[in-house]
Amino acid sequence: MTPNAASARILLIEDEAPIRRFLKIALGSAGHETLEAGSGREGLERAVIGNPDLIILDLGLPDMDGKAVVREIRSWSSLPILVLSVRDGEAEKIAALDAGADDYVTKPFATGELLARLRVLLRKRGDSEAQPSTVQVGPLSVDLARRLVTVGDQEIKLTRKEFDILALLARHGGRLVSHRQILTEVWGPAHVDDLHYLRIAIGHIRNKLDDDPASPRFIVTEPGVGYRLLS
Amino acid sequence: MTPAEDDRPAPEAFLQAARAESEPPQKRGKLKIFLGAAPGVGKTYAMLEEAHLRRRAGVDVVAALVETHGRMETAAQLVGLALLPRRRVPYRGQVLTELDIDALIERRPQLALIDELAHSNPPGSRHPKRWQDVMEVLDSGIDVLTTLNIQHIESLNDAVTRISGARVQETVPDAVVAEADAIELIDLPPDELIDRLKEGKIYRPAQAGQALENFFTRDKLTALREMALRTTAGQVDAEILSLMQAKATRGPLPSGERLMVCINEAPVAKTLVRSGKRMAERAKIPWLAVTVVTPTHEALGAEAQQQMQDAMRLAETLGAETVTLRAESDVAGELLRFARSRNVSRLLIGRPRWQKTPWRRLTAFTREAVSDRLLDGATDFEVTVVTPNVRNERRKAVARPRIDTQARGYVAAVVVTAIATLLGLPVESIDLLPSSALTVFYLLGVMLVGAHYGLGPSLFASLLAFLCYNFFFIDPILTLTVAKPSEVVALSVFLLGALFTGNLASRLKAQIESMRATQTRIETLYTFARKIASATKFDDVLWAAAAHGAKALNARTLILTPDAAGALQQVQGHPSIEEHLDARAAGAAQWAFEKAEAAGTGTGTLPGSDWLFAPLATAGKPFGVFGVAFADPQRAADPETRRLLLAVEDQVAVAIERNRLAEELSNARVAAESDQLRAALLNSVSHDLRTPLVTVIGAMSSLADPDTDLPRDDRQELVETALDEARRLDRYVQNLLDMTRLGHGALKPKRGAVDIREIIGRVRSDLARTLMRHSLHVEVPRDLPMLQVDPVLIGQALINLLENAAKYAPAGTAITVRAGLDGKGNAEIRVIDEGPGIPVADREKVFDLFHRAARGDGAPAGTGMGLAIVRGLVAAHGGKVRADAGPGGQGAALVMTLPLAPPEDTDEESEQ
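Quantities reported herein were computed from a predicted structural model and do not represent experimental measurements.

## Here we look at the overall build of chain B
Next up, step 1: Helix and strand content of chain B: 28 helices and 25 strands.
Next up, step 2: The 912 residues of chain B split such that 44% are buried.
Next up, step 3: A fraction of 70% describes how many contacts in chain B between residues 6 or more apart in sequence connect residues 24 or more apart.
Next up, step 4: If you sum the accessible surface of chain B, you get close to 46800 Å²; carbon and sulfur atoms cover 56% of it.

This is how it looks when you write it as structure tokens:
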């Protein structure tokens, strides 16, 4: 099966029936097929049997902790998981991302926002077999193979770590990358708490790319959670 | 006010005088005093606030005299109140403006504002003092709001003088304060007050420096504040008490009368106190227990002092006000003077009983003189004399001074006399001195013994010296007989001299010892008091009490308080809580708590226990017990230790009580505020939250109706309206959640170094829709340091500020977010709009819950929570938020002051 961004089978694990109902309509109108589950257990069953391309998971389930659902799915599958969380649940979000979720959307959300996130996640899945060597965001281009960064025609000189960060964000193309993920991959597991390394490096990258954080062109901050590269 | 109350005789002479001038033709006005600990706490401001409230409620309010002292916020509050022109009084070439009392009474408002109750009128005014003016205004049936600083209350004048070092000339009698229908304490922590002073909000800068040095020190302000808290608490107590009494019995009405119990060191003291309590209770009048300390006081025996202390403490426990006076010699005179100054009408004194020993009889005789002179002088008092019942006053066993010291004294007497004799023999044999001069040797010896070992050994030494002198130096030598009659006289004089010297020396020793003990006690207490005073939280106070109490008393300590079920539980202990408190100790603790008297070792109750428990009480029922187990068990019986223990306990009790009062006061305020909030919240929920739902349901139901065939554009408009309203509802709910969390203190910022531009970027994208009709400008210098904040919470604060700006500024105008430094090591984030701006008077209030600058139906919709949440969020970061005018006085600028992150000491580039 070769799923594409235009039509995919999406498993929706959410205990609130009204939310399931409108999501089913919204997803259907975007050309997706929807499987529904009203509880964590049911969701896990459907995930095994239904062979979905992507899972939308509500973190507040009645029967089990959303994070536990993420962990169980991750134990046998790497299919993309988008979690729905309430606002102010920063700790929840981070825990879910650490457990293996790929991105989150804060409730209440506009369906447009949700569909945009789904597109990014589904594209990544498609891409995972053939990772492009160059990522393009507006005038910014990141050549992963040749470790070359340009904005327009201008080549940007980044240090090794700065490039690693930008490359990591680029490989995730539009997807959220958590602080922990960047710190672990770029600095190593011993430095997961050294947030200021990351902050300073991002500051340098932004300066070099001439990217104003107050109205970002390339790198977007998700306060308290992580960063994403615009796509 | 009941009619009966109007009939009662006026309690105070001055009140009578004030009322006589204008016989009240109608109901008396009500007096409310805004009481503060120091200038600048905001009394006038609070008074004006209340005035506005009442005015809005339809009360006819006149600002008869309000002093703004050039404070802007206060002056702004005057706007909208009817002002009474002041009377101009020429005085020493100046023109003063004073309260125009005639104009006020003629104008006859329902409520008059008269600032500064303690003010003295210039000579030639109708009344010398403003409080007398106020009395007249009240008598004419006008309610009055007034302000007063604690140092102006007559009875506190002395205490304040001690604290502040400056005597306040303008005072208000206590009765005026006691008669007030309401007192509102305007409280401001000393640090904030000092800040206000430094910011020039109280005095002009030139005066401020001097004021800071002289008066506005943290210590002084804290002491004054405590005094104000106590005064207010006392007033509340009195109100509750009189309410309860009024309900229970229709007894005599409370008047300004007082009963004074005169306590001395006689064993009758405790009986006196109990009788006093009964009398005061029957007459329903307040009572005082008074003792006079004279210079000879410290020379009294420890036992007698203990008696007196016990009595005073008992009085305090029974609810008396206890006062210790000082006098050189005229004890009776001092007592009477004090009694008159405090409006005492009844005296209770004890008739001393004749003591057994001649010595006692002598001291009793001098006391007799005091009570006699009291009776002679107290012609204007009702005097009750209590005769002691000896059996009831059986003294508790108090350990005698250690026997071995006594025995050593007698041995010393023998040795010293022997040495004097041995020295005398050779001197006499070579005829260096006449034998009569040898008595000097003996007298010196007697004095030494007296100074070191006290009265008994010195008397013994005198006798020995007399015998030895007679035996060795008086003819016939080596007999006790005397040959010459002249020598009989010489010997007698010698004996008398020796006795006198010994007695004098022993008295000296006693005095020095007592002084030394006093000094040690005072030092220990001082240290203890200082340590315990620095504890602010209840647990800290308990811990400090247990730890420092243990140190001061060289003992293990325990503090027990009753739990919810009323059973005593150990709450603190030093070095630790006792794992196994034996039954006797537990019993003693229970007894001490229930009977409000000491129990355990060294007392008459359960003396077998290792522990000594004493009740912790200031006035009224004990709220816990303080227990000690001395390292040296003998110490429990030592009166000096007991006295120290009592003093330590007092300190603990006062500290705990102070803490509790402050807490109760703030709880009461919180309760009142939360009541207001609840009402406002209900209003907000029912109105503001339902409005969006009306639109959503309306729009959706018309879309859902299969019979209506709407044009495409109309459908689209309905959907968008519903969506907008749903989003608004979401923001309200978010605000409610934030507010609840702030209210519960559940909001704990996860602070880290954050670039404000990142926050702005995020907020900008979140608010894209809200800010659609305005242009947003961001001005952040590139080199602005990082902020030490929680990005999510400050993001929320910024969202609220921007939403607020978007709500009030007209469409098409610019909204600017400008960040910079404030010059004091903080960052300032300004949100500037080009809307109508915020009136000066409202700039503080916009941050209050449910306050909206423009009210009425035309007001933009909102929950009135947004800015209150901003204030809460910013405060959680140790920052401040304020409202200013925009640049050039146009529009509004809301300014958040936030802490900067410490500069990074490690840079990852150099490290890696």
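Now that the structure is up, let's keep going.
## Concerning the overall build of chain A
Next up, step 1: When you go through chain A residue by residue, the secondary structure sums to 8 helices and 12 strands.
Next up, step 2: In chain A, which comprises 231 residues, the share counted as buried stands at 53%.
Next up, step 3: Residue pairs in contact within chain A that sit at least 24 positions apart in sequence constitute 57% of those at least 6 positions apart.
Next up, step 4: Counting every atom, chain A has about 10000 Å² of accessible surface; 50% of that belongs to carbon and sulfur.

## Things to note about the confidence of the model for chain A
Next up, step 1: On average, chain A scores 86 in pLDDT, and the residues at 70 or more come to 93%.
Next up, step 2: Mean pLDDT values over the elements of chain A span from 80, in helix α5 (residues 111-127) of chain A, up to 94, in strand β1 (residues 9-13) of chain A.

## Quick notes on the packing of aromatic side chains
Next up, step 1: If you walk through the whole model with that rule in mind, you get 11 aromatic pairs over all chains.
Next up, step 2: The interplanar angle of 40° and the centroid separation of 6.3 Å between the aromatic rings of Phe22 of chain A and Phe109 of chain A together place this pair among those described as tilted. Residue Phe22 of chain A is found in helix α1 (residues 17-29), and its partner Phe109 of chain A is found in the loop between β5 (103-107) and α5; the two are separated by 87 residues along the sequence.
Next up, step 3: For the ring pair Phe471 of chain B and Phe472 of chain B, a centre distance of 5.2 Å and an interplane angle of 85° mean the geometry is edge-to-face.
Next up, step 4: Taking the relative accessible area as the measure of exposure, Phe472 of chain B reaches 25% and is therefore partly exposed.

## Comments concerning the sheet that holds strand β1 (residues 31-36) of chain B
All names here are of chain B.
Next up, step 1: Here we have 6 strands laid out as an open sheet, ordered β3-β2-β6-β7-β1-β8, and parallel in their pairing. This sheet does not close on itself; its edge strands, each paired only once, are β3 (82-83) and β8 (182-186).
Next up, step 2: Of the strand pairs in this sheet, β1 and strand β7 (residues 143-149) are connected by 6 bridges, and their pairing is parallel. Residue pairing in the sheet places Phe34 in a bridge with Thr147 of β7.
Next up, step 3: In the packing of helix α3 (residues 43-56) onto the sheet, the strands contacted are β1, β2 (61-65), β6 (111-114), β7 and β8, and the crossing angle to β7 comes to about 165°.

## Let's talk about the interface of chain B and chain A
Next up, step 1: Residue-level contacts link 26 residues of chain B with 30 residues of chain A.
Next up, step 2: Buried area between chain B and chain A, summed over both chains or domains, comes out near 2300 Å², and the portion from carbon and sulfur atoms is 47%.
Next up, step 3: For Glu758 of chain B, the salt bridge is made with Arg206 of chain A, and the minimal N-O distance between the two is 2.5 Å.
Next up, step 4: Linking chain B with chain A are 7 residue pairs in polar contact (both at pLDDT 80 or more), by the criterion used here.
Next up, step 5: Mapped by element, the contributors of at least two residues to the side of chain B that touches chain A are α24 (712-743), α25 (756-766), α26 (791-808) and α28 (908-911) of chain B.
Next up, step 6: Tallying contributions element by element places α25 of chain B first for the side of chain B that touches chain A, with 6 residues.

## Quick look at the sheet that holds strand β23 (residues 826-832) of chain B
All names here are of chain B.
Next up, step 1: In space, the 5 strands of this open sheet follow the order β20-β22-β23-β25-β24, with mixed pairing throughout. Single-partner strands in this sheet number two, and they are β20 (775-779) and β24 (880-885). Across the sheet, the axes of successive neighbouring strands diverge by a mean angle of 15°, strand direction being ignored.
Next up, step 2: Strand direction decides the pairing type here: β20 and strand β22 (residues 814-821), joined by 5 bridges, are parallel. Bridged to His777 within β22 is Thr816.
Next up, step 3: Contacting β20, β22, β23 and β25 (892-899), α26 crosses the sheet at an angle of about 175° to β25.
Next up, step 4: Running at roughly 20° to β25, helix α27 (residues 866-876) makes contact with β24 and β25 of the sheet.

## Observations regarding the nonpolar core
Residue and element names in this part refer to chain B.
Next up, step 1: Ranked by size, the top nonpolar core spans 51 residues in total, and within it Ile756, Leu798, Leu802, Ile829 and Met896 carry the most contacts.
Next up, step 2: No other element matches α26, which puts 9 residues into this core.
Next up, step 3: Beyond its immediate chain neighbours, meaning those up to four positions away, Ile756 contacts Val780, Leu784, Leu787, Ala819 and Ile829.
Next up, step 4: Leu35, Leu65, Ile142 and Ile153 belong to the second-largest nonpolar core, a separate cluster that totals 38 residues.

## A few points about the pairing of strand β17 (residues 612-616) of chain B
Residues and elements named next belong to chain B.
Next up, step 1: Counting buried positions along β17 gives 5 out of 5 residues, so the element sits mostly inside the fold.
Next up, step 2: Pairing analysis gives 5 bridges linking β17 to strand β18 (residues 624-630), with the strands arranged antiparallel. Looking at the pairing, Ala614 lines up with Phe626 of β18.

Rules behind the numbers
- Residues numbered from 1 in each chain as written.
- Chains lettered and ligands numbered in written order.
- Predicted model: local features only at pLDDT ≥ 70, side-chain atom pairs only at ≥ 80, totals over all residues.
- Heavy atoms only, no water.
- Helix = DSSP H or I, 4+ residues; strand = E, 2+ residues; numbered from the N terminus.
- Buried < 20%, exposed > 50% of the residue type's maximum accessible area, 1.4 Å probe, protein only.
- Contact = heavy atoms within 4.5 Å.
- Areas by Shrake-Rupley, 256 points an atom, 1.4 Å probe, with all protein chains shown as cover.
- pLDDT = per-residue confidence, 0-100.
- Phe/Tyr/Trp six-rings, centres within 6.5 Å; stacked < 30°, edge-to-face > 60°.
- Pairing = 2+ DSSP bridges.
- Axes fitted to C-alpha atoms, helices over the stretch in contact; angles between N-to-C directions.
- Buried area = accessible area lost by both parts, 1.4 Å probe.
- Salt bridge = Lys/Arg side-chain N within 4 Å of Asp/Glu carboxyl O.
- Polar contact = N/O pair within 3.5 Å; in protein donor to acceptor, adjacent residues only side chain to side chain.
- Core = buried A, V, L, I, M, F, W, Y, C linked by side-chain atoms within 4.5 Å.

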